Each structure stands twice: as C-alpha cells, then as structure tokens.
Amino acid sequence: MGLGLVDCHCHLSAPDFDSDLHDVLEKAKKANIMALVAVAEHAGEFEKIIELSERYSGFILPCLGVHPVQGLSPEDQRSVTLKDLDVALPIIEKYKDQLLAVGEVGLDFSPRFSGTNEQKEEQRQVLIRQIQLAKRLNLPLNVHSRSAGRPTISLLHEQAETCETITFDFYLLRNRFTCTRTNKTDTE
C-alpha cells in the first residue's frame, strides 16, 4: 500500500456537496487521498454522514458530535445548548460502533455566538458531556476551537486528568484506522 493523505476534518454532509459529491470523491482519490473524516455539526446531519460512510466504506469515516455553534443558516446561528446535545445523544449511541471519533465538538467564544458568560458555560457543559461520552465509548475527539483556544485546551487537559486515556494516535493501515492510547501512570 502506498502512502497517501487523510483529510481529518471535512463536512461532506453539507448541501454544497449534494450535486457533485461523487466527482469530489473521485478527485480526492486521484489526488492520493486515502480517507476522509466526515464530521458533524448537529443531529440533523448524523444519518446522512452514516449513510455516506456506509456507501463509501473505508473511505468516508464518520464522526458524530454537536458543534458549539448551531443553526442551519448563517442568519440563525447561535450558541449550542444542552437541549441540542440531548437530541443528539441517542443517535450517537445508536451508531457508536461505526464511529471513528466524536466530533466536531469544542468551544466557540466568538461574541456573535456566545456573548454571555452563561452561553460560554453552557458550551463548556456540552463539551464536557461529549468528552465523557468519548471516554466511555473509547473514542477520540475531533475538536473545534475559535476565539477559545486556551479555554479549550485547558478544559481538555482538565478532563484528561480524570481518566486513563490521555492521548490518541491514528494510524492508517489498509484503509482502516486503529486507535492506540497512552495511559497516564503515577510516574508521569
């Protein structure tokens, strides 16, 4: 097997790809792309991502998660709420054995989306619950951060301290990802 590239974060379920997805995928393969990690932003696109991963098995790898910014159009975008996550969790559970990772998750403290401390705290709580889900499912996270780099890293570090799994490394082997984990020990 030759070397190739992996797009570790793409939004193939976006309507922008509805008319030419097959052509986009063929061009990616010709450019030596070996896999595409398809991430979600909201529960409304989970089924489409799973369908794509089944149709293009081994090439499109699914991630389901709730993004810190919700809304289908730019005009109605807003900060994520725990209600958004509550809608998503049963669907993530349904497909847990098919997932490469939980994502796209994270924090977005852009003033347009999270102008209040309450909105920022709710984003943190949504992320914490998704980190806990990823830990329980033994899956890595695909993380988003905008205007919240330090708080995101700090929260991830804080949550990593609470479990054995602290880092994940991906290896592409015969078009399949395997995940290895590094365990925290008392000597570290």
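Residues numbered from 1 in each chain as written. Predicted model: local features only at pLDDT ≥ 70, side-chain atom pairs only at ≥ 80, totals over all residues. Heavy atoms only, no water.

Peer 1: Can you lay out the nonpolar core for me, pointing to particular residues and giving the numbers?
Peer 2: In terms of nonpolar packing, the biggest core is built from 40 residues, with L12, L25, F59, I60 and L64 touching the most fellow members. Listed by contribution, the elements that provide at least two residues to this core are α1 (21-30), β2 (33-38), α2 (46-55), β3 (60-64), α3 (82-94), β6 (101-108) and α4 (117-137). In terms of residue count, α4 provides more of this core than any other element does, 7 residues in total. Once residues within four sequence positions are removed from consideration, L12 is found in contact with F17, L21, L25, L36, A38, L52 and I60. Within the second largest apolar cluster, 7 residues are counted, among which are A35, V39, C63 and L100. (Core = buried A, V, L, I, M, F, W, Y, C linked by side-chain atoms within 4.5 Å. Buried < 20%, exposed > 50% of the residue type's maximum accessible area, 1.4 Å probe, protein only. Helix = DSSP H or I, 4+ residues; strand = E, 2+ residues; numbered from the N terminus. Contact = heavy atoms within 4.5 Å.)

Peer 1: Describe α1, with residues and values.
Peer 2: Buried residues of α1: L21, L25 and A28, and no others. Looking down the long axis of α1, one finds its buried residues gathered within 60 degrees of arc, a one-sided arrangement. Facing away from the buried side of α1, by more than 90 degrees, are the exposed residues K27 and K30. As for α1, its buried residues are in contact with β2, α2 and β3. Following α1 by one or two positions, N32 adopts a phi angle in the positive range, close to 70 degrees. (Arc of directions from axis to C-beta.)

Peer 1: Requested: an account of the side chain of Q123, with residues and values cited.
Peer 2: Following the sequence through the fold, Q123 ends up in helix α4. Under the relative-accessibility criterion, Q123 is labelled buried at 1%. Here the side chain of Q123 touches S79 through a polar contact of 2.9 Å, side chain to side chain. Only 2.7 Å separates the side chain of Q123 from the backbone nitrogen of D108, close enough to count as a polar contact. Contacts of Q123, omitting those with residues within four sequence positions, involve P68, S79, V80, G106, L107, D108, F109 and S114. (Polar contact = N/O pair within 3.5 Å; in protein donor to acceptor, adjacent residues only side chain to side chain.)

Peer 1: Describe in detail the packing of α4 against helix α5 (residues 149-160), supporting the description with residues and values.
Peer 2: Taken N-terminus to C-terminus, the directions of α4 and α5 make an angle of 40 degrees; their axes are 11 Å apart at the nearest point. The orientation of α4 relative to α5 falls into the category oblique. Pair α4 / α5 crosses with right-handed handedness. Note on element contacts: α5 touches α4 through L155, L156, E158 and Q159, opposite R124, L127, I128, I131, Q132 and K135. Tallied by class, the residues present in the contact of α4 with α5 amount to 5 nonpolar, 2 polar and 3 charged. (Axes fitted to C-alpha atoms, helices over the stretch in contact; angles between N-to-C directions. Parallel < 35°, antiparallel > 145°, perpendicular 65-115°, else oblique. Left-handed = near helix turned anticlockwise from the far one by under 90°. Nonpolar A, V, L, I, M, F, W, Y, C, P; charged D, E, K, R; others polar.)

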